[in-house]
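Topology and contacts: notes
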Amino acid sequence: MARAVRFDRYGGSDVLYVADVDIPSPGAGEVVVKVEAAGINPGEASIRKGLFDAVVPATFPSGQGSDLAGVVHQVADGVTAISVGDEVLGWSWQRSSQAEYASVPADQLIDKPPPLSWPVAGSLYVVGVTAYAAVRAVSVQPGETVVVSAAAGGVGTLVTQLLKVKGAVVIGIASEANHDWLRSHDVTPVDYGDGLKERILSLAPKGVDAFIDLFGPDYVRLAVELGVPRDRIETIIAFDAAKEYGTQAAGSGDATTTEVLGEMAELLASGQIELPIAATFPLEKVKDAYDELEQRHTRGKIVLIP
């Protein structure tokens with residue numbers, strides 16, 4: 001037997017529990033991974049609340065989680081690219097990663113670079129491919145000025161660093177508690193709140209070339225007011241605003257490939273970027289982990305350690 005996160009009905013974090021389940025067996029083309037770390041994401045909380053029921057309904061009892069990293073425990077007949085004992089990272093689309101063991105298609109896994117810690121490797125997928133998609137959407141060129149909202153969150157920490165790798169001048173909207181971290185990564189911080197437009201313009205007197213929103217619709221409107229070309233405004237969350245204003249809305253689905261995940265992993269392994277780990281929780285504290293996540297004030301990732 002093994003432990004896995006479950007919920008039997010839609011609701012708040014109180015519906016989550018840890019159950020004893022059978023260790024899965026690999027289906028055709030799959031491997032079973034002994035999970036060492038599994039990141040948590042806002043989208044999972046939305047699924048658990050039933051907010052995506054019309055698109056991705058849950059089948060109860062439901063598992064949870066997509067990000068994972070661990071050691072290969074078993075491989076299906078015919079799988080040759082991965083062997084028992086390999087250290088891997090990747091994703092599950094079966095809401096199954098927040099568990100001690102998960103069965104995953106072999107083509108959704110890559111080798112874990114040795115320099116990556118388990119928490120970093122196990123929380124890379126969603127934020128990594130989302131950040132990649134968002135930066136790609138605005139086609140940034142060296143020397144251009146890009147504004148990022150929620151610049152110190154799970155996706156934001158990677159977006160700001162990817163922009164710097166590409167030679168952009170980055171202005172990061174964040175709370176005061178995250179300003180020092182942004183400055184240490186050569187990002188100019190700016191506070192949320194009244195007067196934000198004026199503060200941004202004072203930092204970018206020649207104008208803003210692109211805007212990446214990671215928080216909500218108010219920032220899509222702000223980008224339009226700043227005069228940013230609409231094809232260079234990107235949001236990963238405000239889909240209605242993107243339709244209203246005709247902006248970009250690229251997300252994880254637009255960059256989910258092992259090639260992209262491998263590129264992000266190598267950037268981390270080489271030290272060109274970092275993925276801050278805000279907190280780790282044992283599997284039994286999954287409710288606490290999501291309660292902290294939903295405060296929306298964490299820098300970097302929150303990770304479950306089965």
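All values reported here derive from a predicted model rather than from experimental measurement.

1. Structural notes on helix α1 (residues 42-49)
All buried positions along α1 are accounted for by Glu44, Ala45, Ser46, Ile47 and Arg48. Those residues of α1 that are buried lie in contact with β3 (30-39) and α10 (286-293).

2. Looking at a nonpolar patch on the surface
On the surface, a nonpolar cluster with roughly 380 Å² of combined accessible area is contributed by Leu51, Phe52, Val55 and Val56. Residue position: valine 55 is located in the loop between α1 and β4 (67-75). In this structure valine 55 comes out as exposed when scored by relative accessible area, which is 69%.

3. Remarks on the nonpolar core
Within the largest apolar cluster, 49 residues are counted, with the highest numbers of intra-cluster contacts made by Leu124, Val148, Val159, Leu163 and Ile212. For this core, the elements supplying multiple residues, two or more each, are β5 (87-91), α2 (118-121), α3 (124-137), β8 (145-148), α4 (154-165), α5 (179-184), β11 (210-213) and α9 (258-269). If you look at the next biggest cluster of nonpolar residues, it comprises 19 residues, including Val190, Val220, Ala223 and Ala241.

4. Overview of the side chain of serine 62
Here serine 62 shows up in the loop between α1 and β4. Relative accessible area serves as the criterion here: at 4%, serine 62 is assigned to the buried category. Once residues lying within four places of it in the same chain are set aside, the contact partners of serine 62 are Val5, Arg6, Phe7 and Arg95.

5. Points about the sheet that holds β8
A sheet is described by the order of its strands in space; here five strands give the open sequence β10-β9-β8-β11-β12, paired in parallel fashion. Pairing within the sheet leaves two strands with one partner each, and these edge strands are β10 (188-190) and β12 (233-235). Direction aside, the axes of adjacent strands within the sheet are offset by 20 degrees on average. Pairing geometry for β8 and β11, over three bridges, is parallel.

Rules and cut-offs
Residues numbered from 1 in each chain as written. Predicted model: local features only at pLDDT ≥ 70, side-chain atom pairs only at ≥ 80, totals over all residues. Heavy atoms only, no water. Buried < 20%, exposed > 50% of the residue type's maximum accessible area, 1.4 Å probe, protein only. Helix = DSSP H or I, 4+ residues; strand = E, 2+ residues; numbered from the N terminus. Contact = heavy atoms within 4.5 Å. Patch = residues over 30% accessible without salt bridge, like charges linked within 9 Å, V, L, I, M, F, W, Y side chains within 5 Å. Areas by Shrake-Rupley, 256 points an atom, 1.4 Å probe, with all protein chains shown as cover. Salt bridge = Lys/Arg side-chain N within 4 Å of Asp/Glu carboxyl O. Core = buried A, V, L, I, M, F, W, Y, C linked by side-chain atoms within 4.5 Å. Pairing = 2+ DSSP bridges. Axes fitted to C-alpha atoms, helices over the stretch in contact; angles between N-to-C directions.

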